[in-house]
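One letter stands for each residue in the lines below.
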Amino acid sequence: MGERDEPGTIGRRVQQLRVERGLTQRQLAEPVYTPAYISTLEAGRVRPSDDALRHLADRLGVAFDELATGRPARLVTELRLRLTEAQRTLAAGEAEAAVEQYTGLLAEAETYGLAGERAAALLGLGECALETGELVGGRQYFERAEAGLADAPLTARVPALRGRAVAHYLAGELRYAVYLLESTLDELNRGGLHDPDALLLLYASVIGPYMDMGAHARAAQAAEFALALAPRSGDPALVARMHRSVARTLLAEGRLAEADASLARAAELYRGLRLRTELANCHWMRGYVYAQNGELERAEEEMREALHMLSATRASLYSSQLTVELADVLHRRGSSREAAELLRDVLGGLSPERGAVHAAAAHRLLGIIAEDARRAEEAEEHYVRAMSLLERAGAAGDLADLCRLLGDLLRRTGRVEAALDAYRTGLGHRTAPGTTTLGPAPAHPPV
């Protein structure tokens, strides 16, 4: 027998429906059963068979599942349709409206004990929280979704695990984010659970933390695995997200034409899906490509378009990171005053606990702007603040670069010993190419 309520609950339900329809126990029972059997069933003293429930459901004019579980007919299908609608709402950048939809869906799923739909609603609320920068709340939603799927296969828990990792990553906790993603990948691959969508989601998500930690070889390998898995995935949104993440690795390797092609493919997929936030990220990365090529005017256009789209969706942390990169382009174009104003606005909305890496990038650029204006003390103060934030986040690659900038500044101002200390600190954070201090890389998928 499948899932059903306890005999007492079913009995009360049968009695309520029978009375509502004006039937006697004899009318409900005939011609297969006796009034005594119906009386015993309604009292909860007998567990009805599937055949008995089908007979009763037919006589009462309800679906078998509704009689057995109390769930209205078509409930699960309708909830799933509404979940899809909530996903589309969020993808269109309307996070507040999506929160209302997901909250209502969560309440209904909990009322009727639908574990899968409950987890999907919690995942949606978690994604909404990430979109609006509410990282602690988002992480808690993902944790609840994961706990509710504790008895499900690991592949079913991957979206919740990935959500938790992204929340930690956006909060600047790079090392722990990588640990979550790598340990999940390792368990999937060692256990032979080679689900393409699950693996693609994890590999695409780990590229960003790898890059920020300076583990470029691991990022490149994750990108290769993601590209190999993409043709097997049935989720176009996931494939588009992967193309966007892979482009970042290609950029780091100087493969600008390939990066641009990957971003063009992602943008095409997102246009078809009407995913406003992800499409904004494609404009962002295109701007980054142009900036790397020295095409600063085109870079500014793309980044401003992306920032407008992200601001409309209130994706605050993503907007902060993009604003720092736009400020860098403006500074390189000679608009240092506007760049500094943008950076100070960004710092007003960030903290060491929320967006540490982005705040460090803002301080780094403010230091460069101050140094260009021959304000050495101000530049040093920004560099030191950035170093403190990056040390806490474990962003080794950025930290090594910052130590070089600080060392050069100290050397130019005559403090040679202090400069040497800064250089030594930077060397300590510049690990061998492609390595981290996180231990061996996770097991590989069969691709």
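Residues numbered from 1 in each chain as written. Predicted model: local features only at pLDDT ≥ 70, side-chain atom pairs only at ≥ 80, totals over all residues. Heavy atoms only, no water.

**Some details on the overall build of the chain**
Threshold: Labels follow the DSSP assignment, with helices taken as runs of H or I lasting at least four residues and strands as runs of E lasting at least two, numbered in each case from the N terminus. Residue burial is assigned from relative accessible area. The probe radius is 1.4 Å, only protein chains are included, and a residue is buried under 20% of its type maximum, exposed over 50%, and partly exposed in between. By the convention used here, residues are in contact when the closest approach between their heavy atoms is within 4.5 Å. Accessible surface is estimated by sampling points in the Shrake-Rupley manner with a 1.4 Å probe; for residues, cover comes only from the protein chains shown.
The secondary structure content of the chain amounts to 23 helices and 0 strands. Counting only residues that meet the buried cut, the chain has 50% of its 447 residues in that class. Across the chain, the fraction of contacts at a sequence separation of at least 24, relative to all contacts at a separation of at least 6, is 61%. Within the structure as shown, the chain displays about 20600 Å² of accessible surface, and the carbon and sulfur contribution to it stands at 49%.

**Quick word on the packing of aromatic side chains**
Worth spelling out the cut-off: In summary, the pairing rule links any two rings of Phe, Tyr or Trp, Trp by its six-membered ring, whose centres are within 6.5 Å, and it sorts them by plane angle into stacked for under 30 degrees, edge-to-face for over 60 and tilted for everything else. Comment: the charge-over-ring label is applied if NZ (Lys) or CZ (Arg) is within 6 Å of the ring centre and within 35 degrees of the ring normal.
Following the criterion strictly, the structure yields 3 aromatic pairs and no others. Relative to Tyr-37, the ring of Tyr-33 has its centre 5.1 Å away and its plane inclined at 20 degrees; by these criteria the two rings are stacked. A residue is classified by how much of its surface remains accessible, and Tyr-33, at 21% relative accessible area, is partly exposed. For the ring pair Tyr-176 and Tyr-179, a centre distance of 5.8 Å and an interplane angle of 25 degrees mean the geometry is stacked. In this pair, Tyr-176 and Tyr-179 both sit in helix α11 (residues 174-190), 3 residues apart, roughly one turn of the helix. Its end group placed over the ring of Phe-64, Arg-54 keeps NZ or CZ at 5.0 Å from the ring centre.

**Some thoughts on helix α13 (residues 216-229)**
It helps to recall that an α-helix has 3.6 residues per turn; residues three or four apart then point in one direction. Condition: To estimate how far a helix should reach, multiply one less than its number of residues by 1.5 Å.
The end-to-end C-alpha distance of α13, which contains 14 residues, comes to 20 Å, matching closely the 20 Å that a straight helix rising 1.5 Å per residue would cover. Buried within α13 are the following residues: Arg-218, Ala-219, Ala-220, Ala-222, Ala-223, Phe-225, Ala-226 and Leu-229. Summarising the contacts, the buried residues of α13 are in contact with α11, α12 (196-213) and α14 (236-252).

**Notes on helix α3 (residues 35-42)**
Here is the rule we go by: As used here, the arc belongs to the directions running from the helix axis to the C-beta atoms.
Of the residues making up α3, those classed as buried are Ile-38, Leu-41 and Glu-42. For α3, the angular spread of buried residues about the axis comes to 95 degrees, placing them on one side. Taken together, the buried residues of α3 touch α1 (7-20), α2 (25-29) and α4 (50-60).

**Here's the deal with the nonpolar core**
Rules: Nonpolar cores are built from buried Ala, Val, Leu, Ile, Met, Phe, Trp, Tyr and Cys residues. Side-chain atoms within 4.5 Å join them into one set.
Leu-188, Tyr-203, Ile-207, Tyr-210, Met-242 and Val-246 are the most contacted members of the largest nonpolar core, which has 48 residues in total. In terms of residues, this core owes the most to one element, α12, which gives 12 residues. Counting residues in each nonpolar core, the second largest holds 47 residues, with Ala-327, Ala-339, Ala-362 and Leu-410 among its members.

**Overview of the side chain of Thr-184**
Topologically, Thr-184 is positioned in helix α11. With residues up to four places along the chain from it excluded, the contact list for Thr-184 reads Leu-154, Val-158, Leu-161 and Leu-202.

**Digging into the environment of Gly-11**
The residue Gly-11 is located in helix α1 in this model. Sequence separation between Gly-11 and Glu-42 is 31 residues, and the spatial gap between their C-alpha atoms is 3.8 Å. Filtering out sequence-adjacent residues up to four positions away, Gly-11 remains in contact with Leu-41 and Glu-42.

**Brief notes about the environment of Gly-407**
Position of Gly-407 relative to the elements: it lies in helix α22 (residues 396-412). Given a relative accessible area of 0%, Gly-407 falls into the buried group. Sequence-wise, Gly-407 and Gly-426 are 19 residues apart; in three dimensions their C-alpha atoms are separated by 9.1 Å. Excluding residues that lie within four positions of it along the chain, Gly-407 makes contacts with Ala-419, Ala-422 and Tyr-423.

**Notes on unusual backbone geometry**
Backbone torsion omega between Glu-30 and Pro-31 reads 5 degrees, so that peptide bond is classified as cis. Positive phi is not limited to glycine here, since Arg-374 has a value of about 60 degrees. Tracing the backbone shows Arg-374 in the loop between α20 (356-372) and α21 (376-393). For Arg-374, a relative accessible area of 81% gives the class exposed.

**Overview of the environment of Leu-389**
Here Leu-389 lies in helix α21. When the C-alpha positions of Leu-389 and Ala-360 are compared, they lie 5.8 Å apart, and in sequence the two are 29 residues distant.

**A word on the pattern of salt bridges**
To keep it simple, the criterion reads: Note on definitions: salt bridges are taken to be side-chain nitrogens of Lys or Arg within 4 Å of carboxyl oxygens of Asp or Glu.
Taken as a whole and judged by the stated rule, the model has 27 salt bridges. The partner of Asp-186 in a salt bridge is Arg-190, and the shortest N-O contact between them spans 3.0 Å. Note that Asp-186 and Arg-190 are positioned in helix α11 at a spacing of 4 residues, about one turn of the helix. For Arg-304, the salt bridge is made with Glu-300, and the minimal N-O distance between the two is 2.9 Å. You can see Arg-304 and its partner Glu-300 sitting in helix α17 (residues 296-313), 4 residues apart, about one turn around the helix. Counted as one network, the salt bridges with shared partners bring together Arg-364, Asp-401, Arg-404, Asp-408 and Arg-411.

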